[in-house]
Amino acid sequence: MTKIILIGPPGAGKGTQAENISQQYELPCISTGQILRQEIQNQTDLGQKCQQCIDNGELVPDHLILEVIHTRLLQSDCSQGYILDGFPRTLRQAQALASSEVLLDGVIYINVRDEVIIERLAGRWIHLSSGRVYHEKFNPPKVLGKDDLTGESLTQRKDDKKESIQRRLISFREDTQPVIDYYLDQSRSSTTRFIEIDGDRPLNDVFTEISAFMNSLQS
Ligand code: ADP
Ligand code: AMP
């Protein structure tokens, strides 16, 4: 039973590494961003409520996210643990998670510089239905514009444009940095372990460090 949080600025590589961890450690990856993009794609009520916030690079209101995560964590695949990617992003979300008595094993903070983020997001392509992430230069698909597993077309995210990226960076500093400080503090007085990883390195190097951390949790 391993419960992990991946936290960091947009473009740090959370989704990419979540997929790697999910495969290697057989844990489901719960990405709130991915869940919301599916809701938008399916034109559900929730999707309609969130679309403008997401496209503008703003955070979706806490009460909506908390409902999404509450429902998702009750599903049976989460009974043996999970990786949370993109949640919690505000102190209120972190406190709600703590008060639902979720005991976290580890918090992985992937950190990268702003200049790196812009280049990463500008070249990001995603497979909408699975959430698989590619980069045209750093992690290209086997066939240009197509998902490796399904062959379906890849898309670029509407919020990966300049103005939205700037807003997401501001929101990361204002809303999410305090969450990182909260977990760092918690790690000093609880069993939840915290690691900061330099995400400005090749994908495999970042994963090697994450794997070492994961293995240390299980031993
Ligand atoms: P996040 O989920 O943190 O927003 P992603 O995992 O979607 O970040 O990664 C953002 C972009 O950067 C993607 O296009 C991905 O392929 C690429 N990327 C992720 N990690 C690295 C890395 N270590 N080096 C180079 N590119 C990376
Ligand atoms: P991501 O895929 O993690 O980059 O998230 C994409 C967008 O979804 C974010 O910019 C927010 O608009 C929204 N979102 C995802 N997770 C959360 C969260 N935990 N709290 C608020 N908004 C979120």
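Up top is the structure.
Source: prediction; values computed, not measured. Numbers given for residues are sequential positions, taken from 1 along each chain in its written order. Following the order in which they are written, the chains are lettered starting with A and the ligands numbered starting with 1. With pLDDT at 70 or above as the cut-off, local features in this predicted model cover only qualifying residues; side-chain atom pairs require 80 or more to be listed or tallied, and sums for whole chains, interfaces and linings still use all residues. Note that the side-chain values use all heavy atoms of the structure and ignore hydrogens as well as water.

As for the overall build of the chain
Heads up, the condition is: Working definition: helices are DSSP H or I runs of at least four residues, strands are E runs of at least two. Numbering for both runs from the N terminus. Within these notes, the globule rule equals 2.2 Å times the number of residues to the 0.38 power, and the radius of gyration is based on C-alpha atoms. When a residue's accessible area, from a 1.4 Å probe over protein chains only, is under 20% of the maximum for its type it is buried; when over 50% it is exposed; and in between it is partly exposed. Contacts are residue-level and defined by heavy atoms, with any inter-residue pair within 4.5 Å sufficient.
On a plain count of helices and strands, the chain comes out with eight helices and seven strands. Relative to a compact globule of 219 residues, whose C-alpha radius of gyration would be 17 Å, the chain shows 16 Å and is just as compact. Along the three orthogonal principal directions, the C-alpha set of the chain runs to about 45 × 40 × 35 Å. Put simply, the chain has 219 residues, and 49% of those count as buried. Relative to all contacts within the chain whose residues are 6 or more apart in sequence, the contacts with residues 24 or more apart total 71%.

Quick notes on the sheet that holds strand β3 (residues 81–85)
Going by this rule: In this scheme, strands are said to pair when DSSP sees at least two bridges between them. A fitted line through C-alpha atoms represents every axis, and for helices the fit uses only the stretch in contact; the resulting angles, taken between N-to-C directions, go from 0 to 180 degrees.
Spatial strand order, β2-β3-β1-β4-β7: five strands in an open sheet with parallel pairing. Each edge of the sheet is formed by a strand with only one pairing partner; in this case those strands are β2 (29–31) and β7 (193–198). Each adjacent strand pair in this sheet contributes to an overall mean axis angle of 20 degrees, direction not counted. Strands β1 (2–7), β2, β3 and β4 (106–111) of the sheet are contacted by helix α1 (residues 14–25), whose axis makes an angle of about 165 degrees with β3. This element, helix α2 (residues 32–41), spans β2 and β3 of the sheet and lies at about 65 degrees to β2.

Comments concerning the site of ligand 1
Worth spelling out the cut-off: Whether a residue is near a molecule or strand is decided by its heavy atoms; if any one of them lies within 4 Å of it, the residue is near. Think of a polar contact as two N or O atoms within 3.5 Å of one another; within protein, one of them needs to be a possible hydrogen donor and the other a possible acceptor, and neighboring residues in sequence only count if both atoms come from side chains. The Shrake-Rupley method, run with a 1.4 Å probe sphere, supplies the accessible areas, and residue values consider only the shown protein chains as cover. Amino acid classes used here: Ala, Val, Leu, Ile, Met, Phe, Trp, Tyr, Cys and Pro are nonpolar; Asp, Glu, Lys and Arg are charged; the rest, including Gly, are polar.
The environment of ligand 1 is formed by 19 residues, the closest being Lys14, Thr16, Arg124, Tyr134 and Arg201. Glycine 11 places a polar main-chain atom, nitrogen or oxygen, 2.8 Å from an oxygen atom of ligand 1. Measuring from an oxygen atom of ligand 1, one finds a backbone N or O atom of glycine 13 at 3.0 Å. Isolated, ligand 1 exposes 560 Å² of accessible area, and the fraction of that covered by the protein chains is 94%. Taken together, the elements giving at least two residues each to the shell around ligand 1 come down to α1 and β6 (133–135). Class assignment for the residues of the shell around ligand 1 results in eight nonpolar, seven polar and four charged.

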